Each structure stands twice: as structure tokens, then as C-alpha cells.
Amino acid sequence: MTSTSLLISSLWMLIGSYSSTSDEGIKLYKFDQETAEFEMVSGLSGISNPSFLCVSANKQFIYAVGEDEGLTSTANSIALDLQRGEMRLIDTQLTNGGAPCNITISPDGHLLLTANYFGGNISMFKVSDDGHLSTAQTIQFSGSSVDPERQTKPYLHSVVFTPDFGKYLLANDLGTDVIHQYTRDVDEEGNMIIDLNNRKDIYVKAGAGPRHLCFSPSQEYFYLVSELSGEVFTFSYNDGEIRQLQCIKADEYDAGGSADIHISPDGRYVYASHRLKGDGVSIMKVREDCTLEKIGYQATGIHPRNFAITPNGKYLLVACRDTDEVEIYMRDLETGMLTDTGKRLKMPKPVCVKFIE
């Protein structure tokens, strides 16, 4: 679908996917957040399985994983020119950990991290002002949990800096039911690094499989989706002090495939995606005490992974990997419920949707 009327309400949007190096696995679009019209602007090849992306705060760089299963896995730096709508691959480094499925950049733009699912580790890269990456330094984890098939060792699934300018790093370990918490530090040049000697572990319910989390707009709470148990946990957050407040069932099919979680821009509703059975998105209302009440479930295409909500809250876009499309749903701003617009962005195996604000 294309449009010639993408004006003031249009956003830049990135889609990452599973693809070969010869394919344009990352695509840049214009998306109108008032009408849900979109047009492709450019694509980038050269990366194997760029399944997850993040963007620097200055909007000059995109960072992408190369999610291979073994030693060929990579972290990639891409120059972004929004004036011309162009992307250019500028650096690639090995992660030294298989299946990097998540990537994040520090608020100051000088530290890049990947969560390596099969590697059971985190990779850290120093980032220069021109976007080039150092070789990887890895943090290796150990341990297991109660699931005899899917928790025999660490499976790192996401890394996220806390919203207070990254005072802490949170790393979700699906294999050990732990959120690893590290404190921010600075190097001799004043750039952000992680204090590896200052770690705290927050234990989640055994067998839950913590996967992704999102913070409330107030920064006082965050919500965690667990892949294996299909539950969503509410935590309070106060300058690094984390306390669990609630655990509710979000995946009514017990599929063991919960994937992603996001909160609406106004902080009133939380959404979580689920795969493997009855694929869809659960809808939860945020109560006055910031705990959750499940109020609905929206069926989607096959294998919904990452999804994104437009900054104005009007649309929710779901990357349905095995239907080869991104589905576009309208959000009711008052009730939080979703309505299928019928609009589809077609591309092979989409996984990640990112808006550039």
C-alpha cells in the first residue's frame, strides 16, 4: 500500500525480519499514525536474520542483531539518513553467543548489548561516535530451573536499561527464572559501562520463563511477560528497588509461547502477544494501583512476535512471522480494545516493529 498524503502525521518505521544476507531483511517505511497508510522507502541487505532492532537517541544509527544459532551470530551498526530515507551497514561484530534475540543501546549511545538466547550470555560492545563497534565482551551465566526441556541452562532473552537514564540494566533469563540487575558505571572517558561487580538477582516464579518487560510512563512500575507460563507480572520500581506486586494469567491457551509486552502511551492498558496456540494479543487494563485486570483477547495471524503501538496510541501493529505480514489494529483509546483494520504490510517473516519518534 502506498500513499502520497503522508504528511505531518507520518512516522518513520523500521521492520526487522528473519532473512538471508541477500535479502532486504530490514525495511524502512513511512507510516501515517492517523490513517494507517504506509509506504516503503528503502531496504537493507547484508545481515543474516536481523530479527531485532534498536535506534540511537540521536536517530543517526540503527543497531541490529544477526540472529544465527551459532558462532556466526552478530551485532550490526547501520548509519541512518532520515533526510534521504537511506540505511548503510557500517560495522559487524561477532556476539560470541548464539541466537542474539534482543539488542539495546545505552541512553548515551556508547554501550550496545545483545541478549544471546543459545549462548546463555550477554554481549557488550563499546560504540564510537561514528557508530563503529568494539569486539564483544561477554557476561556468561549459569544455572537452570524446573522445566526439564526448556530450562536446562540459561537462555537470555532481553536486555533493557531502566528509564532513569539507564541507572540499571535488567536482563531477563528465561532458563533460570531470574531478572539480572546490574548498576550503571562510567569509564575513564565518561561513557556508560556496566559494573559487573554490582549485580542483584530478582527471582521470578519457578517455570515462568521471563522474556520481555515494559515500564509505565511514570517509570514507577514495569510489567513482565513470561514465555513459558503465559503470565504477566507487575513490579514496582524505585531507584533500583524492585518488588513484585501481582501475577496474572494472560495466555488463556497455556501454549508456552508468550512473546512481547507493551503499554499504551497513556499508561492505561497493557498488551501481550502469544504464539503456538490461539495466536493473539491479550488486553489488560491498568487499575488505579497499577496492577492489571485482563479484559480481552484479540486473535491475530500466525506466530505474533514483537508488536508496537503508535505514539498517538491509535494503532497497534503486530509482526506475524509465519503469516508473512504485519497486521494493523485500531485501538479504542477509551476501552483499550482492538479492531482489525484489514490493512496488511506484506513481507517475509517479519519479527520486529520499531517507530522512530
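Look a little higher up for the structure.
To start, this report covers the structure provided alongside it.

This next bit is on the sheet that holds strand E24 (residues 304-309). As summarised here, the arrangement of the four strands in space is E24-E25-E26-E27, forming an open sheet in which the pairing is antiparallel. Either end of the sheet is taken by a strand with one partner, and the two such strands are E24 and strand E27 (338-346). Between one strand axis and the next, the sheet turns by 25° as a mean value, whatever way the strands run. In the sheet, E24 pairs with strand E25 (residues 315-320) via four bridges, with the strands oriented antiparallel. When the sheet's bridge partners are listed, Phe-307 is paired in E25 with Val-318.

To continue, consider unusual backbone geometry. The phi angle at Lys-59 is positive, at roughly 65°, despite the residue not being glycine. Mapped onto the elements of the fold, Lys-59 is located in the loop between strand E4 (53-55) and strand E5 (61-66). A relative accessible area of 33% places Lys-59 in the partly exposed class. Even without being a glycine, Asp-239 presents a positive backbone phi close to 50°. Along the polypeptide, Asp-239 turns up in the loop between strand E18 (231-238) and strand E19 (241-249). In this structure Asp-239 comes out as partly exposed when scored by relative accessible area, which is 42%.

The biggest cluster of nonpolar side chains holds 28 residues, and the ones touching the most others in it are Leu-14, Ile-26, Tyr-63, Ile-78, Met-87 and Leu-112. For this core, the secondary-structure elements that each account for two or more residues are strand E1 (10-17), strand E2 (26-32), E4, E5, strand E6 (74-81), strand E7 (86-94), strand E8 (100-105) and strand E28 (350-356). If one sorts the elements of this core by residue count, E5 sits on top with five residues. Those residues in contact with Leu-112, other than ones at most four positions away along the chain, are Cys-54, Tyr-63, Ala-75, Ile-103, Thr-104, Ile-105, Ser-123, Met-124, Phe-125, Val-127 and Leu-133.

Relative to the elements of secondary structure, Gln-33 occurs in the loop between E2 and strand E3 (38-44). On the basis of relative accessible area, Gln-33 is assigned to the buried category, the value being 13%. When the C-alpha atoms of Gln-33 and His-110 are compared, they prove to be 31 Å apart, with 77 residues separating the residues in sequence. The contact partners of Gln-33, leaving out residues within four places of it in the chain, are Ser-9, Leu-11, Thr-310, Pro-311, Asn-312, Lys-314 and Tyr-315.

All right, on to the pairing of E2 then. Among the seven residues of E2, seven are classified as buried, and the element is accordingly described as predominantly covered. Burial along E2 is two-sided: the face carrying Ile-26, Leu-28, Lys-30 and Asp-32 and the face carrying Lys-27, Tyr-29 and Phe-31 are both buried. Bridge count for E1 against E2 is six bridges, and the pairing is antiparallel. Bridging from a neighbouring strand, Leu-14 pairs with Leu-28 of E2. Note: E2 against E3, six bridges, orientation antiparallel. Each bridged residue has a counterpart across the sheet, and for Phe-31 the counterpart in E3 is Phe-38. In this antiparallel pair of consecutive strands, E2 and E3, the connection spans five residues, and Ala-36 shows a positive phi of 65°.

Here is what the cut-offs are and how they apply
- Residues numbered from 1 in each chain as written.
- Predicted model: local features only at pLDDT ≥ 70, side-chain atom pairs only at ≥ 80, totals over all residues.
- Heavy atoms only, no water.
- Pairing = 2+ DSSP bridges.
- Helix = DSSP H or I, 4+ residues; strand = E, 2+ residues; numbered from the N terminus.
- Axes fitted to C-alpha atoms, helices over the stretch in contact; angles between N-to-C directions.
- Buried < 20%, exposed > 50% of the residue type's maximum accessible area, 1.4 Å probe, protein only.
- Core = buried A, V, L, I, M, F, W, Y, C linked by side-chain atoms within 4.5 Å.
- Contact = heavy atoms within 4.5 Å.

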